[in-house]
Amino acid sequence: MKHPAAPVDVPACSCCGEPAVIYQPVSRRHLCGIHLVRDVEKRVASTINEAGQIHAGDRIAVALSGGKDSTALLVILSRLLPAWPGADLVAITVDEGIAGYRTDTIRAAEALTGRLGVDHRIVSFRDLVGADLDTLLAGRETEACTICGILRKKALTDAARTAGATAIATGHNLDDEAQSMLMNAFRGDLPRLVRNTGTGRSALFLPRIKPLAAVTEKEIAAYLFVQGLFSVLPECPYTRYALRAEVRSLLAGLEDRHPGTMQHLADNKKSIERYCAGTPVMESLHHCRECGDPCSGEICQVCRLRHSLGK
Ligand code: SF4
Ligand code: ZN
């Protein structure tokens, strides 16, 4: 049914007939702003509940880069949180030290946490290893995302533990999950593909949860846009070295021609994780002999990296 308010060439919302702002190819629905916001928040709540990601009394550390995924994550979690009595949020921003990029996103993160009244902590690579990413990368730019990823995970985990968090929530969306599935397949890295610390609670790990894993990047952008929360921020200058950037554009083309491709890849990732749970494919864990952090070999990635960087 087309609502009288819907302009002739704009599809009508499948729920109310108002002008639609997005088309969901898998469910084949058009949604207006109000129904998109409801739909996204409902699906995030289902993801959390189905996987038991949040419990009453939890303190969730939200990895807040200030970009659109983590902004949407913090907004949605702050709305959903009353469902878990006693649960609260702390936002953690990691300043990698990337000139011309981080200042704007940190400012956006500060403004958002101020508006939502969420405790906000900023930690940096400089605090962690004594230097900015830009300095660490001199001559090693092609390894930017690997080095950045290892140090960011460590900085985030340490800050979350210091803040008394019981879990870390990251803004990974459905596109990220589909990209990870392909990237790990391309690298032949099955253990990484099936590694899932999201639901298990152990003394070794702070569980990492991905409440946005069923929501596409496009839906997140539209979710923010219709609420006036979307801002254009600079892109990290090292993105061009990332395998993820190539996989991302490959998948975008496939999704265009074959709608639902990303959903199917993300579904496959979940099936493989379920199938491999408890099998020898999952690496056994030890403590790093240098820093004591959990790791799969004798020495953890962070300590290995410190040695190679001379830190
Ligand atoms: Fe770090 Fe790579 Fe992301 Fe830049 S694109 S912030 S270097 S992981
Ligand atoms: Zn270590």
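Refer to the preceding data block for the structure.
Predicted model, so just to flag it, every value in this text is computed and none were measured. Residue positions are counted from 1 within each chain, in the order its sequence is given. By the order in which they are written, chains take letters starting at A while ligands take numbers starting at 1. Under the rules for a predicted model, residues below a pLDDT of 70 receive no local features and side-chain atom pairs below 80 are neither given nor counted, while totals for whole chains, interfaces and linings still include all residues. The side-chain figures draw on all heavy atoms in the structure; neither hydrogens nor water molecules are used.

Asks: Explanation requested: the pairing of strand 3 (residues 59-63) in the structure shown.
Replies: The two faces of a sheet get side chains in turn, since along a regular strand they alternate between them. Only protein chains enter the accessibility calculation, which uses a 1.4 Å probe; a residue is then buried when its area is under 20% of its type maximum, exposed when over 50%, and partly exposed in between. Helix and strand assignments follow DSSP, with helices taken as H or I runs no shorter than four residues and strands as E runs no shorter than two, numbered in order from the N terminus. Among the 5 residues of strand 3, 5 are classified as buried, and the element is accordingly described as predominantly covered. In strand 3, alternate side chains face the same way, and those of Arg59, Ala61 and Ala63 on one face and Ile60 and Val62 on the other are all buried. For the crossover from strand 3 across helix 2 (residues 68-80) to strand 4 (residues 88-95), the handedness is right-handed. Across 3 bridges, strand 3 lies against strand 6 (residues 167-169) in parallel orientation. Across the sheet, the residue bridging to Val62 is Ala169, located in strand 6. Every crossover in which the path from the first strand over the helix to the second runs clockwise, viewed with the strands pointing away from the viewer, is termed right-handed. Whether two strands pair comes down to DSSP finding at least two bridges between them.

Asks: What should I look at first to understand the coordination of the zinc ion (ligand 2) in this one?
Replies: Angles between donor atoms at a metal ideally measure 109.5 degrees for a four-coordinate tetrahedral arrangement and either 90 or 180 degrees for a six-coordinate octahedral one. Coordination partners: N, O, S within 2.8 Å of the metal, 3.2 Å for Na, K and Ca; water not considered, so apparent gaps in a site are possible. Protein-derived ligands of the zinc ion (ligand 2) are Cys288 (SG), Cys291 (SG), Cys300 (SG) and Cys303 (SG), with the metal-ligand distances lying across 2.2 to 2.4 Å. Sequence spacing among the residues donating to the zinc ion (ligand 2) works out to C-x2-C-x8-C-x2-C. In this pair, Cys288 sits in the loop between strand 8 (286-287) and strand 9 (294-295) while Cys300 sits in the loop between strand 9 and helix 12 (301-309), placing the two residues 12 residues apart along the sequence. As far as the burial class goes, Cys288 and Cys300 line up, both buried.

Asks: How should I be thinking about the packing of helix 1 (residues 33-51) against helix 2 in this particular structure?
Replies: The packing of two helices is summarised by the inter-axis angle and the distance between the axes. Geometry is summarised by axes, namely lines fitted to C-alpha atoms with helices restricted to the contacting stretch, and by angles between N-to-C directions that run from 0 to 180 degrees. At a closest axis distance of 11 Å, the pairing of helix 1 and helix 2 adopts a crossing angle of 75°. On the basis of the axis angle, helix 1 is roughly perpendicular to helix 2. Across from Val37, Val40, Glu41, Val44, Ala45 and Ile48 in helix 1, the residues of helix 2 making contact are Ile76, Leu77, Arg79 and Leu80. Throughout, the ten residues Ala, Val, Leu, Ile, Met, Phe, Trp, Tyr, Cys and Pro are labelled nonpolar, Asp, Glu, Lys and Arg are labelled charged, and all others, Gly among them, are labelled polar. Partitioned by chemical class, the residues of the contact of helix 1 with helix 2 number 8 nonpolar, no polar and 2 charged. Roughly parallel covers angles under 35 degrees, roughly antiparallel covers those over 145, roughly perpendicular covers 65 to 115, and oblique covers all other angles. Whether two residues touch is decided by their heavy atoms; if any such pair falls within 4.5 Å, the residues are in contact.

Asks: Even after reading the chapter, I still don't get the packing of aromatic side chains, so can you show me in this structure?
Replies: Here the distance between the centres and the angle between the planes together describe a pair of aromatic rings. For Phe, Tyr and Trp, rings pair up if their centres lie within 6.5 Å, where Trp contributes its six-membered ring, and each pair is then called stacked (planes under 30 degrees apart), edge-to-face (over 60) or tilted (otherwise). Applying the stated criterion to the full structure yields 1 aromatic pair. Ring centres 6.3 Å apart and planes at 70° place the aromatic pair Phe225 and Phe230 in the edge-to-face group. Phe225 sits in the exposed class, given a relative accessible area of 60%. For Phe230, a relative accessible area of 34% puts it in the partly exposed group.

Asks: Got a minute to help me understand helix 6 (residues 144-162) in this structure?
Replies: Given 3.6 residues per helical turn, the α-helix brings residues three or four places apart onto the same face. Expected helix span is given by 1.5 Å per residue-to-residue step, counting one fewer step than there are residues. With 19 residues, helix 6 extends 27 Å from end C-alpha to end C-alpha; this agrees with the ideal 27 Å at 1.5 Å per step. Turning to helix 6, its buried residues number three or more, namely Ala144, Ile147, Cys148, Ile150, Leu151, Lys154, Ala155, Leu156, Thr157, Ala159 and Ala160.

Asks: Can you help me understand the layout of surface pockets in this one?
Replies: The gaps of empty space that remain are located by a probe, the size of a water molecule, rolled over the atoms. Definitions used throughout: a 1 Å grid over protein atoms alone; a cavity as a set of points that fits a 1.4 Å probe which cannot get out; a pocket as an open set with protein on both sides within 12 Å along at least five of seven lines; a lining residue as one with an atom within 4 Å of a point. Grid points are joined across faces, edges and corners, and a volume is the space filled by probe spheres set on the points. A volume near 630 Å³ is recorded for the second largest pocket. In terms of lining residues, the second largest pocket is bounded by 25 residues, among which Pro25, Thr216, Lys218, Glu255 and Met262 are the most central. Elements supplying a minimum of two residues to the lining of the second largest pocket: strand 1 (22-24), helix 1, helix 7 (174-187), helix 9 (217-226), helix 10 (243-257) and helix 11 (261-276). Looking at the lining of the second largest pocket element by element, the count peaks at 5 residues for helix 10. For the lining of the second largest pocket, the per-class residue count stands at 10 nonpolar, 5 polar and 10 charged.

Asks: Looking at this model, I keep getting lost on the environment of Ala245. Mind explaining?
Replies: Its location among the elements puts Ala245 in helix 10. By relative accessible area, which is 29% here, Ala245 ends up partly exposed.

Asks: Would you explain the sheet that holds strand 5 (residues 119-124) in this entry?
Replies: By way of backbone hydrogen bonds, the strands of a sheet pair with one another, either parallel or antiparallel. Spatial ordering of the open sheet is given by 5-4-3-6-7, a layout of 5 strands whose pairing is parallel. The strands lining the two open edges of the sheet, one partner per strand, are strand 5 and strand 7 (208-209). Each of strand 3, strand 4 and strand 6 is contacted by helix 2, which is oriented at about 160° to strand 3, the strand it contacts most. Along the sheet, helix 6 makes contact with strand 3, strand 4, strand 5, strand 6 and strand 7, crossing strand 4 at roughly 145°.

Asks: So what exactly am I meant to see when it comes to a nonpolar patch on the surface here?
Replies: For patch building, the residue pool is restricted to those with more than 30% relative accessible area and no salt bridge; the joining distance is 9 Å between like charges and 5 Å between nonpolar side chains (Val, Leu, Ile, Met, Phe, Trp, Tyr). Note on areas: Shrake-Rupley with a 1.4 Å probe; residue coverage comes only from the protein chains shown. Salt bridge, as used here, is a side-chain nitrogen of Lys or Arg placed within 4 Å of a carboxyl oxygen of Asp or Glu. Among the surface-exposed residues, Val21, Phe225, Val226, Phe230 and Val232 lie close enough to one another that they form a single nonpolar patch of about 490 Å² accessible area. Inspection of the secondary structure assignment puts Val232 in the loop between helix 9 and helix 10. On the basis of relative accessibility, which here comes to 76%, the residue Val232 falls in the exposed class.

Asks: It is not clear to me how the pattern of salt bridges should be interpreted in this structure. Could you clarify?
Replies: Oppositely charged side chains can form a pair if their charged atoms are brought close together. The full count for this structure, using the stated rule, is 19 salt bridges. Among the salt bridges present, the one from Asp104 reaches Arg107, with a minimum N-O distance of 3.8 Å. In this pair, Asp104 and Arg107 both sit in helix 3 (residues 102-116), 3 residues apart, roughly one turn of the helix. Taking the relative accessible area as the measure of exposure, Asp104 reaches 36% and is therefore partly exposed. Given a relative accessible area of 52%, Arg107 falls into the exposed group. Taking the shortest distance from any N to any O, the salt bridge between Asp119 and Arg121 comes out at 3.0 Å.

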